[in-house]
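Examining the three-dimensional arrangement
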Amino acid sequence: MQFIRQGRARTRRDLMELTGLARSTIAQRVDQLVSAGYVREGGVDVSTGGRRPNMLKIDEGSAVVLAAHVGATHGRVAVVDLAGRTLAESAGPVIVADGPAALVEWISACFQALLTEAGRSMGEVCGVGVGLPCPVDQRTGRVIPTPVVTGWPEYDVVSALGARFPGPVLVDNDANMMALGEFTAADPDCPALVLVKVGTGIGAGIVEGGRVLHGVGGAAGEIGHVRLRGYDDVACGCGSFGCLVAVASGAALGRELAAADPSVRDARDAADAADVVRLVAAGHPEAVRRTREAGRVLGEVLATVVSVVNPGVLIISGSLARTGDHLLGGIREVVYRAAQYRSTRGLHITEGRLGDRAGVVGAASMVADRVFSPDVVDARIANVTASDNA
């Protein structure tokens with residue numbers, strides 16, 4: 001099934017060549033996948049002699065995935081089929097500080113509305129994927145406390161959503177979900193990718209070979225609290241000083257601009273990352289200068305990340321990425337200078353292809369990977385076979 005999902009096998013003959021299995025074995029396994037609702041046969045492939053073979057495809061209409069991506073100030077939810085196509089989607093402001101129960105209510109209401117819009121039923125839901133603006137312990141599904149989500153660890157998001165929707169509920173960090181989403185859209189010959197989300201906060205996701213790197217405690221990619229030299233007087237919400245997020249995030253730039261320019265402060269033109277982007281687009285000289293400098297500061301940290309991970313692509317995403325070359329230019333300037341040539345050879349530093357949709361694409365992909373995993377597929381085939389024999 002993975003060969004079919006990856007597009008490497010379009011016919012039963014392709015599967016025979018890829019696996020070396022006998023025709024009868026392939027026929028039996030394909031029939032099982034069809035009966036279980038994973039695969040369908042439709043259309044015909046080009047004949048190499050004799051009867052033209054039927055084409056194998058994932059049965060994308062058999063089930064849907066519910067995906068949500070939540071940042072510090074905005075959220076996006078979607079209903080996605082098993083082929084990764086979005087059937088319905090919406091976005092809106094969220095206030096993470098209101099707590100997890102309020103967020104679960106918002107996500108659930110959006111899912112219900114989108115299922116109706118897409119014309120799909122609750123019985124067709126095969127799983128839920130959610131990205132949150134904080135690290136998540138992959139063993140328990142519980143949120144790891146940060147200044148953004150201080151009251152969340154006691155709340156079981158997985159159980160709360162699992163009581164409302166069928167299938168597995170998978171929760172991960174929002175930057176990880178964005179990285180996984182961008183990986184699905186990346187060139188096939190890119191085995192390793194790093195995505196850095198620069199918005200109200202700063203975080204990173206690392207994907208290699210289609211798998212997200214979580215680390216022992218789920219905190220891999222948490223670069224926002226790397227301490228910087230020369231910024232010991234800059235306080236961070238975590239209680240430390242000189243953290244990257246306190247110096248180079250959209251929230252930090254907004255505070256700096258409001259403090260440095262009375263006209264900005266009085267007009268309340270700078271409050272968060274979106275406002276900084278607006279000021280940069282308007283050519284505000286101090287906003288442009290500080291954004292470029294933030295890129296250089298980010299570049300110092302990312303040069304180390306690049307040296308350690310050696311990715312093929314470094315994606316800069318989040319709201320501040322919309323400042324274009326002002327942020328990206330500063331990052332490129334430092335990374336290509338500070339990291340060794342072996343680490344930057346062939347490296348592309350760019351904005352993502354999916355933009356604001358990367359998180360929901362990644363969340364849906366995470367659930368699909370679970371749904372199509374060998375253990376889950378084998379269990380479903382066994383259940384279908386037992387029902388047929390009953």
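Here we summarise the structure given alongside this text. Keep in mind that this is a model prediction, so the values were computed, not measured. (Residues numbered from 1 in each chain as written. Predicted model: local features only at pLDDT ≥ 70, side-chain atom pairs only at ≥ 80, totals over all residues. Heavy atoms only, no water.)

Approximately 1500 Å³ is the volume attributed to the largest pocket. At the level of secondary structure, the elements contributing two or more residues to the lining of the largest pocket comprise helix H1 (2–5), strand S2 (54–58), strand S4 (74–81), strand S7 (169–173), helix H6 (174–185), strand S10 (211–212) and helix H14 (358–371). Here the element with the most residues in the lining of the largest pocket is H14; it accounts for 8 residues. Looking at side-chain class alone, the lining of the largest pocket contains 22 nonpolar, 13 polar and 12 charged residues. (1 Å grid on protein atoms, 1.4 Å probe; cavity = no way out; pocket = protein on both sides within 12 Å on 5 of 7 lines; lining within 4 Å. Points joined across faces, edges and corners; volume = space filled by probe spheres on them. Helix = DSSP H or I, 4+ residues; strand = E, 2+ residues; numbered from the N terminus. Nonpolar A, V, L, I, M, F, W, Y, C, P; charged D, E, K, R; others polar.)

Hydrogen bonding along the main chain pairs the strands of a sheet, whether they run parallel or antiparallel. Strands sit in the order S5-S4-S3-S6-S7 across an open sheet of 5 strands; the sheet is mixed. Looking at which strands have only one partner, the edges of the open sheet turn out to be strand S5 (86–93) and S7. The average angle at which neighbouring strand axes cross in this sheet is 15°, direction not considered. Pairing of strand S6 (residues 125–132) with S7, which is carried by 5 bridges, proceeds in the parallel orientation. Bridge pairing in S7 links Leu132 to Asn173. Across the sheet, helix H4 (residues 100–118) lies against strand S3 (64–70), S4, S5 and S6, angled at about 40° from S4, the strand it touches most. The strands that H6 touches are S3, S6 and S7; relative to S7, the one it contacts most, it runs at about 100°. (Pairing = 2+ DSSP bridges. Axes fitted to C-alpha atoms, helices over the stretch in contact; angles between N-to-C directions. Contact = heavy atoms within 4.5 Å.)

Below, the discussion takes up the state of the cysteines. Taken as a whole and judged by the stated rule, the model has 0 disulfides. With no disulfide of its own, Cys110 lies closest to Cys134 among cysteine sulfurs, the gap being 18 Å. The structure places no disulfide on Cys126, whose sulfur is separated from the nearest cysteine sulfur, that of Cys110, by 19 Å. Classification of Cys126 as buried rests on a relative accessible area of 15%. (Disulfide = S-S within 2.5 Å. Buried < 20%, exposed > 50% of the residue type's maximum accessible area, 1.4 Å probe, protein only.)

Now for H14. Each α-helix winds once per 3.6 residues, and so residues spaced three or four apart point in a common direction. With 14 residues, H14 extends 20 Å between its outermost C-alpha atoms, agreeing within 8% with the 20 Å of an ideal straight helix rising 1.5 Å per residue. Burial within H14 is extensive, with 11 of its 14 residues counted as buried. Within H14, burial applies to Ala358, Gly359, Val360, Gly362, Ala363, Ala364, Ser365, Met366, Val367, Ala368 and Val371. (Expected span 1.5 Å × (residues − 1).)

So, on to the nonpolar core. The biggest cluster of nonpolar side chains holds 44 residues, and the ones touching the most others in it are Met1, Tyr38, Val39 and Leu193. Ranked by the residues each element gives to this core, the list is headed by H14, at 8 residues. The residues contacting Met1, other than those within four sequence positions of it, are Leu33, Tyr38, Val39, Ile58, Phe372 and Val377. In this structure, Val196, Leu244, Leu257 and Val335 belong to the second largest nonpolar core, which totals 36 residues. (Core = buried A, V, L, I, M, F, W, Y, C linked by side-chain atoms within 4.5 Å.)

Inspection of the entire model under this criterion finds 2 aromatic pairs. Centroid distance Tyr38 to Phe372: 5.8 Å. Interplanar angle 50°. Geometry classified as tilted. Of this pair, Tyr38 sits in the loop between helix H3 (23–35) and strand S1 (39–44) while Phe372 is found in the loop between H14 and helix H15 (374–389), placing the two residues 334 residues apart along the sequence. Seen in terms of ring centroids, Phe111 and Phe165 are 5.5 Å apart; in terms of plane orientation they differ by 90°. Their pairing is edge-to-face. Of this pair, Phe111 sits in helix H4 while Phe165 is found in the loop between helix H5 (157–162) and S7, placing the two residues 54 residues apart along the sequence. For the pair Phe111 and Phe165, a shared accessibility class is recorded, and that class is buried. The side chain of Arg380 reaches across the aromatic face of Tyr38, ending 4.8 Å from its centre. (Phe/Tyr/Trp six-rings, centres within 6.5 Å; stacked < 30°, edge-to-face > 60°. Lys NZ or Arg CZ within 6 Å of the ring centre and 35° of its normal.)

So, on to the environment of Gly318. You can see Gly318 is positioned in the loop between strand S11 (313–317) and helix H12 (325–338). Between the alpha carbons of Gly318 and Gly201 there is a distance of 9.2 Å; along the sequence they are 117 residues apart. For Gly318, the contacting residues outside a window of four places in its chain are Met178, Lys197 and Val198.

So, about the sheet that holds S11. Read from one edge to the other, the open sheet built from 5 strands follows the order S10-S9-S8-S11-S12, with strand pairing classed as mixed. Each of the sheet's edge strands pairs with one partner strand only, and the pair in question is S10 and strand S12 (348–351). Inspection of the sheet shows S11 paired to S12 by 4 bridges, in the parallel sense. Paired with Leu314 across the two strands is Ile349, which belongs to S12. Against the sheet, H6 contacts strand S8 (192–198), strand S9 (202–208), S10 and S11, and its axis sits at roughly 45° relative to S9. Relative to S8, helix H11 (residues 285–309) is tilted by about 160°, and along the sheet it contacts S8, S9 and S11.

Mapped onto the secondary structure, Arg85 falls in the loop between S4 and S5. With relative accessibility at 47%, the residue Arg85 sits in the partly exposed group. For Arg85 and Gly129, which are 44 residues apart along the polypeptide, the C-alpha to C-alpha distance reads 15 Å. Sequence-distant contacts of Arg85, defined by excluding residues within four places in its chain, comprise Glu60, Val79 and Val80.

Turning to the pattern of salt bridges, a few remarks are in order. Summed over the entire model, instances satisfying the criterion amount to 24 salt bridges. Measuring nitrogen to oxygen at the nearest pair gives 2.8 Å for the salt bridge that ties Glu89 to Arg76. Of the two residues, Glu89 sits in strand S5 while Arg76 sits in strand S4, which places them 13 residues apart along the sequence. The salt bridge partner of Glu256 is Arg290, with a shortest N-O separation of 2.9 Å. Residue Glu256 is found in helix H8 (residues 250–260), and its partner Arg290 is found in helix H11; the two are separated by 34 residues along the sequence. For Glu256, a relative accessible area of 27% translates into the label partly exposed. Among the ionic contacts, a cluster of salt bridges with common partners joins Arg292, Glu293, Arg296, Asp325, Arg332 and Glu333. (Salt bridge = Lys/Arg side-chain N within 4 Å of Asp/Glu carboxyl O.)

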